[in-house]
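Reading the structure
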Amino acid sequence: MTVQEKVTAGVTVPDTKLATEATELVRDTTSDLIYHHSRRVYWFGSLQGRNRGLSFDPELLYIGAMFHDLGLGEAHRGSGRRFEVDSADEARRFLQGHGVPEDSIRRVWTAIALHTTPGIPEFMEPEVALVTAGVEYDVLGIGYADIGEAARAEITALHPRPDFKRRILQAFTEGIAPRPETTFGNVKADVLEHFVPGFIRGDFVEVIQSSPWPE
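To keep things clear, this report deals only with the structure shown in the data block. Small disclaimer: the values here were computed from a predicted structure and weren't measured. (Residues numbered from 1 in each chain as written. Predicted model: local features only at pLDDT ≥ 70, side-chain atom pairs only at ≥ 80, totals over all residues. Heavy atoms only, no water.)

Let's talk about helix α9 (residues 188–195)
- Of the positions making up α9, those classed as buried are Lys188, Ala189, Val191 and Leu192. An end-on view of α9 places all buried positions within 155 degrees of arc, on one side of the element. (Buried < 20%, exposed > 50% of the residue type's maximum accessible area, 1.4 Å probe, protein only. Helix = DSSP H or I, 4+ residues; strand = E, 2+ residues; numbered from the N terminus. Arc of directions from axis to C-beta.)

Written as structure tokens, this is what we have:
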């Protein structure tokens, strides 16, 4: 028996067993910071979907939002893989365990894997586009004026973001610093460059120039 969540800013969490179990899993295995951030990503992504006139599956968007940062957790820090891939694989295992169709699993996996890769998700399936839109709204403030002040206030009252900028940057640093090589070519190199003394970001030009090709 699922518990119906209240409507907030015109959006509610899907009233399904899958969504309920996803909520419980993320609540039990992540920090308050990541839990509240992930929930806000769903709300902001949903509202941006309405703003853009997109038809999306709320349940798939919710799973993508809730799982998108699981790979930052301590259990994954030695994987040697991008945290986005670890997060996406956690979602895949969860969905496979619930018998979700493979096409739906692929959408969620892709949405999570690409959520820190700007310029691509917006041209893909709505669920892929909107996980990124929710993340960009909550973390970067992209499209901030697209959602009204009253809706923002409702969402942040339900899922507060005290000292969020500092705390999310700390979570990124802690989750990625053990695998700095995974930041090559992506925005998380900026995080380590700011917060990890001695970090040297990979240089695309240098990689080309020092490759084994003679010319």
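Points about the packing of aromatic side chains
- The tally for this structure, following the rule as stated, stands at 5 aromatic pairs.
- Where tyrosine 42 meets tyrosine 62, the ring centres are 5.0 Å apart and the plane angle is 90 degrees; that geometry is what we call edge-to-face. Of this pair, tyrosine 42 sits in helix α2 (residues 32–51) while tyrosine 62 sits in helix α3 (residues 58–67), and the two are 20 residues apart along the sequence. Grouping residues by exposure puts tyrosine 42 and tyrosine 62 together as buried.
- Taken together, Tyr42, Trp43 and Tyr62 form an aromatic cluster joined through their ring pairs.
- For arginine 27, the ring lying beneath its charged end belongs to tyrosine 35, and the centroid distance is 4.2 Å. (Phe/Tyr/Trp six-rings, centres within 6.5 Å; stacked < 30°, edge-to-face > 60°. Lys NZ or Arg CZ within 6 Å of the ring centre and 35° of its normal.)

Description of the layout of surface pockets
- Size it by volume and the largest pocket reaches roughly 630 Å³.
- As for the largest pocket, its lining consists of 33 residues, of which Val135, Glu136, Val139, Leu140 and Phe172 are closest to the centre.
- When contributions to the lining of the largest pocket are tallied by element, the ones reaching two or more residues are α2, α6 (126–140), α7 (149–158), α8 (164–176) and α9.
- With 7 residues, the single largest contributor to the lining of the largest pocket is α6.
- For the lining of the largest pocket, a count of residues per class yields 16 nonpolar, 9 polar and 8 charged. (1 Å grid on protein atoms, 1.4 Å probe; cavity = no way out; pocket = protein on both sides within 12 Å on 5 of 7 lines; lining within 4 Å. Points joined across faces, edges and corners; volume = space filled by probe spheres on them. Nonpolar A, V, L, I, M, F, W, Y, C, P; charged D, E, K, R; others polar.)

Considerations on the pattern of salt bridges
- Tallied over the entire structure, the rule returns 18 salt bridges.
- Two residues, aspartate 103 and arginine 107, come together in a salt bridge whose shortest N-O distance is 3.6 Å. Of this pair, aspartate 103 and arginine 107 both sit in helix α5 (residues 102–113), 4 residues apart, which is roughly one turn of that helix.
- Judged by relative accessible area, arginine 107 falls into the partly exposed class, the value being 23%.
- Linking glutamate 125 and arginine 106 is a salt bridge whose minimum nitrogen-to-oxygen distance equals 2.9 Å. Residue glutamate 125 is located in the loop between α5 and α6, and its partner arginine 106 is located in helix α5; the two are separated by 19 residues in the primary sequence.
- Residue class for glutamate 125 comes out buried when judged on its relative accessible area of 19%.
- The structure contains a network of salt bridges with shared partners spanning Arg81, Asp86, Asp89, Arg92 and Arg179. (Salt bridge = Lys/Arg side-chain N within 4 Å of Asp/Glu carboxyl O.)

Let's talk about empty space enclosed by the protein
- This structure, assessed with the given rule, holds 1 cavity of 30 Å³ or more.
- Surrounding the largest cavity, Arg82, Phe83, Glu84, Ile176, Thr182, Thr183, Asn186 and Lys188 form its lining.
- Each residue belonging to the lining of the largest cavity can be placed in one class, and the counts come to 2 nonpolar, 3 polar and 3 charged.

Overview of unusual backbone geometry
- Phi is positive for alanine 9, which is not a glycine, with a value near 55 degrees.
- In this structure, alanine 9 sits in the segment before α1 (17–29).
- For alanine 9, a relative accessible area of 13% corresponds to the buried category.
- One non-glycine residue with positive phi stands out, namely aspartate 163, at about 50 degrees.
- With respect to the secondary-structure elements, aspartate 163 resides in the loop between α7 and α8.
- You can call aspartate 163 partly exposed: its relative accessible area is 45%.

Some points on the side chain of lysine 188
- With respect to the helices, strands and loops of the structure, lysine 188 is situated in helix α9.
- Of the side chains with opposite charge, glutamate 84 comes closest to the buried, unpaired lysine 188, at an N-O distance of 5.1 Å.
- Not counting residues up to four positions away in its chain, the partners in contact with lysine 188 are Phe83, Thr116, Phe172, Ile176 and Thr183. (Lys, Arg positive; Asp, Glu negative; His and termini not counted. Contact = heavy atoms within 4.5 Å.)

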